[in-house]
Amino acid sequence: VDKALKTLQKVDLVLFMITAEEGVTNQDQRLLRQVDKHYKACLILINKWDLFDNKREQGNIFLEKSKYDLRFISWAPVLTISAKTGRRINKIIG
């Protein structure tokens, strides 16, 4: 956490990755509150979205819960990705 907070002071953009296995943790919330507090641009990435293949309703519920847990930083876009399959990876930059 200390290393992440020091790095946060040096960057202009934060790509914050959350795994679909764990969901939003207390640690994630703490770090993202610092992102918000320091007015850093941020893109929230939810990785392992392939876990919700053929489970659309569960994926939608997970996404809504995640957005609720991150409501204090609702201005940050959320992108669901899969590093394993490459799904939407190209959307991170472009």
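Residues numbered from 1 in each chain as written. Predicted model: local features only at pLDDT ≥ 70, side-chain atom pairs only at ≥ 80, totals over all residues. Heavy atoms only, no water.

Engineer: Where do I start with the overall build of the chain in this structure?
Structural biologist: Scanning the chain from N- to C-terminus turns up three helices and three strands. Tracing the chain from N to C terminus, the helices and strands come up as α-β-α-β-α-β. The C-alpha radius of gyration of the chain comes to 13 Å, within 12% of the 12 Å expected for a compact globule of 94 residues. C-alpha atoms of the chain, sized along the principal axes, occupy 40 × 25 × 20 Å. Residue burial in the chain is summarised as follows: out of 94 residues, 36% are buried. Considering only residue pairs separated by 6 or more positions, the chain has 75% of its internal contacts joining residues 24 or more positions apart. (Helix = DSSP H or I, 4+ residues; strand = E, 2+ residues; numbered from the N terminus. Rg over C-alpha atoms; globule rule 2.2 N^0.38 Å. Buried < 20%, exposed > 50% of the residue type's maximum accessible area, 1.4 Å probe, protein only. Contact = heavy atoms within 4.5 Å.)

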